Amino acid sequence: LEGAGDGLTALFSPKWELMATPGVWSAAATQVLFSLSPGVGSLVTFGSFRPKSKKYVVRENIFVAVCNALTSLLACIITFAVLGFIARRRGVDVSDPTLALQGPQLAFVVYPTALVMMPWANLFAVLFFLALLLLGIDSVFAWTETLVQLAKDVSSVGTRVRSEMVSMLVCVLLLIGGLPYVWNSYLLALADHFVPLFSLMLVAAAEMLSIAWLYNWRRFRDDFKQATGEQLWLYWRVCWSVLSPLVLIILFVSQVVIDVLQPLEYTDLDGVVRRFGGGYLALGWISALLPVVVMVVFAVLPHGSALRARVVGTLTCGRCGGGGGADGGGGGQRRLDEDGAAADDDEQAAQISDIDDDDNSA
């Protein structure tokens, strides 16, 4: 494309003064949380389907992270090449503010504008939007499978309802939940801002802290070695225990300060800059903090011995021998059911013991 070199030059020419701004680091964290999806259960769910072979778990995870980084880099190269092409046609610089678009503006304004200017525009337009459709379906695969497996792990729905029906129910709920974002661009902009910057950051930090400090790092390391036969390096302990949670918490606090001091604005598909009202901001904060509140409530309030045993058993699933597959009926599920039943028996025994003590005292 004519002018693509200008865009690539802007991409690979670092501006070191921007490294001191929290917004750059927050954007980087958002990219990782959205593209790799750590902290939302998708990777754990897909990992439960891998064979029971005790080899190369760490290597496979590093391979997935590297592939994700290379894919993101490829997307950046394509995006900046298109921006350079549009800037050359408009006679402006790549750094022009009118080109600094993101989200829906990038997908439905910048790219279609570039496609119209290309030869064979109709062909490339069909291929581009077909790629967008396939990417969306691919993302829904991960979300649906995660929710389906969650429903099976924490309830008996997997034994009473066919997997296809559970998947259909999850898809219908996702469809209904996504319709308001189609009707109202404010809601889409709110979710695009608050969910990755606040909700995902807090959830990811809480997961690492709970594993490293509440569940205990040494216990997790021993479970991991028993399940996979591999030893976790000191690097993982430093990252999960201190470095990564600390970075996420600092970014969270800095982004909160930025949102408080600066009015939150977004650019709609027509290029008009709009400012969020108080009601929309309150809704954004509720949507950002609600998953954290649910996580805390689930951790603090008693939910029954069997349910707690299943959740704890998920952390040590390698010793269960199950794969967490679509049927939900493997050895791992049986082990979790046995743990839950044993926990119920212990609780009943403790209650009987208390009654006997009371009778003796009387």
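What counts as what
Positions within a chain are numbered from 1, following the residues in the order the chain's sequence is written. At least 70 in pLDDT is required for a residue's local features to be given in this predicted model, at least 80 for side-chain atom pairs to be given and counted, and no such filter applies to totals for whole chains, interfaces and linings, which use all residues. To get the side-chain values, take all heavy atoms of the structure and skip hydrogens and water. Numbering of helices and strands runs from the N terminus; a helix is a DSSP stretch of H or I covering at least four residues, while a strand is a stretch of E covering at least two. Only protein chains enter the calculation, and the probe is 1.4 Å; a residue is then buried if its accessible area is under 20% of its type maximum, exposed if over 50%, and partly exposed in between. Contacts were defined at the residue level, with two residues in contact if any of their heavy atoms lie within 4.5 Å. Each accessible area value is a Shrake-Rupley result obtained with a 1.4 Å probe; residue values ignore everything except the protein chains displayed when judging cover. A helix is expected to span 1.5 Å for every residue after the first. The angle separating two fitted axes, one through the seven residues that finish at a residue and one through the seven that start at it, defines the bend at that residue. Here, the term nonpolar core denotes a set of buried Ala, Val, Leu, Ile, Met, Phe, Trp, Tyr and Cys residues that are joined through side-chain atoms within 4.5 Å. Put simply, two rings from Phe, Tyr or Trp (the six-membered ring, in Trp's case) pair if the centres are within 6.5 Å, and we call them stacked under 30 degrees between planes, edge-to-face over 60, tilted for the rest. Convention adopted: a line fitted to C-alpha atoms gives each axis, helices being fitted over their contacting stretch, and angles between N-to-C directions are expressed from 0 to 180 degrees. If an angle is under 35 degrees, it is roughly parallel; if it is over 145, roughly antiparallel; if it lies from 65 to 115, roughly perpendicular; otherwise it is oblique. By the convention adopted, Pro, Cys, Tyr, Trp, Phe, Met, Ile, Leu, Val and Ala count as nonpolar, Lys, Arg, Asp and Glu as charged, and the other residues, Gly among them, as polar. Whenever a carboxyl oxygen of Asp or Glu lies within 4 Å of a side-chain nitrogen of Lys or Arg, that contact is scored as a salt bridge. pLDDT expresses, on a scale from 0 to 100, how confident the predictor is about each individual residue.

Draft legend 1. Focus on the overall build of the chain. In terms of helices and strands, the chain carries 14 helices and 2 strands. Of all 362 residues assigned to the chain, the portion counted as buried reaches 27%. The contacts of the chain with a sequence gap of at least 6 include a subset with a gap of at least 24, amounting to 69%. With an accessible surface of roughly 22,600 Å², the chain has 68% of that area assigned to carbon and sulfur atoms.

Draft legend 2. Main features of helix 12 (residues 278-300). Its 23 residues give helix 12 an end-to-end C-alpha distance of 32 Å, which sits within 8% of 33 Å, the value for a rise of 1.5 Å per residue. At Leu289, helix 12 shows its maximal kink, close to 35°; a proline, Pro291, follows between one and four residues later. Gly284, Ala288 and Val292 are the residues of helix 12 that are buried. For helix 12, the secondary structure elements touched by its buried residues are helix 9 (185-214).

Draft legend 3. Summary view of unusual backbone geometry. Notably, Ser37 is not glycine yet its phi reads approximately 60°, a positive angle. Counting through the fold element by element, Ser37 comes out in the loop between helix 2 (22-35) and helix 3 (42-47). Positive phi, normally seen in glycine, also occurs at Trp120, with a value near 55°. Looking at the element boundaries, Trp120 is found in the loop between helix 5 (104-117) and helix 6 (121-154).

Draft legend 4. Focus on the nonpolar core. One finds Leu33, Leu190, Phe194, Phe198, Met201, Leu248 and Phe276 to be the most contacted residues of the largest nonpolar core, which totals 20 residues. When contributions to this core are tallied by element, the ones reaching two or more residues are helix 2, helix 9 and helix 11 (234-261). Take this core: its biggest share by element is 11 residues, from helix 9. Residues contacting Met201, with those up to four places away along its chain left out, are Ser26, Ala29, Leu33, Pro196, Leu248, Leu251 and Phe252. By size, the runner-up hydrophobic cluster in this structure holds 11 residues, among which are Leu83, Val110, Tyr111 and Ala114.

Draft legend 5. Representation of the packing of aromatic side chains. Counted under the stated rule, the structure contains 12 aromatic pairs. Taking the centre distance of 6.5 Å and the plane angle of 35° together, the rings of Phe220 and Phe224 count as tilted. Residue Phe220 and its partner Phe224 are located together in helix 10 (residues 217-228), separated by 4 residues, close to a single helical turn. Comparing Phe220 with Phe224, the two get one shared label, buried. Ring centres of Tyr235 and Trp236 lie 5.0 Å apart, and the angle between their planes is 70°; this geometry places the pair in the edge-to-face category. Residue Trp236 is classed as buried on the basis of its relative accessible area, which comes to 18%. Clustering of aromatic rings is evident, with ring pairs tying together Trp217, Phe220, Phe224, Trp233, Tyr235, Trp236 and Trp240.

Draft legend 6. Here's a closer look at the packing of helix 2 against helix 9. Two numbers describe how helix 2 lies on helix 9: the axes approach to 10 Å, and their chain directions differ by 75°. If you check the angle between helix 2 and helix 9, you find them roughly perpendicular. Along its contact with helix 2, which presents Ser26, Ala29, Thr30, Leu33 and Phe34, the element helix 9 presents Asp192, Pro196, Leu197, Leu200, Met201 and Ala204. Partitioned by chemical class, the residues of the contact of helix 2 with helix 9 number 8 nonpolar, 2 polar and 1 charged.

Draft legend 7. Geometry of helix 4 (residues 57-90). Between its first and last C-alpha, helix 4 extends 50 Å over 34 residues, near the 50 Å set by a 1.5 Å rise per residue. Among the residues making up helix 4, those that are buried are Val57, Val58, Asn68, Ser72, Thr79, Ala81, Val82, Leu83, Gly84, Phe85, Ile86 and Ala87. Residues of helix 4 that are buried in the fold lie against helix 1 (4-11), helix 2, helix 5, helix 10 and helix 11. Of the residues flanking the end of helix 4, it is Gly91, one or two places downstream, whose phi is positive at about 75°.

Draft legend 8. Geometry of the pattern of salt bridges. Scanning all chains against the criterion turns up 3 salt bridges. For Glu2, the salt bridge identified is with Arg88, shortest N-O distance 3.9 Å. Within this pair, whereas Glu2 is found in the segment before helix 1, its partner Arg88 is found in helix 4, the two being separated by 86 residues in sequence. In this structure Glu2 comes out as partly exposed when scored by relative accessible area, which is 47%.

Draft legend 9. Spatial organisation of the confidence of the model for the chain. On average, residues of the chain score 76 in pLDDT, and 77% of them are at 70 or above. Helix 14 (residues 331-361) is the least confidently modelled element of the chain, averaging 43 in pLDDT, while helix 11 averages 89, the highest of any element. Counting contacts from residues 317-362, a segment whose pLDDT is below 50, to residues more than four positions away or on other chains yields 47 contacts.

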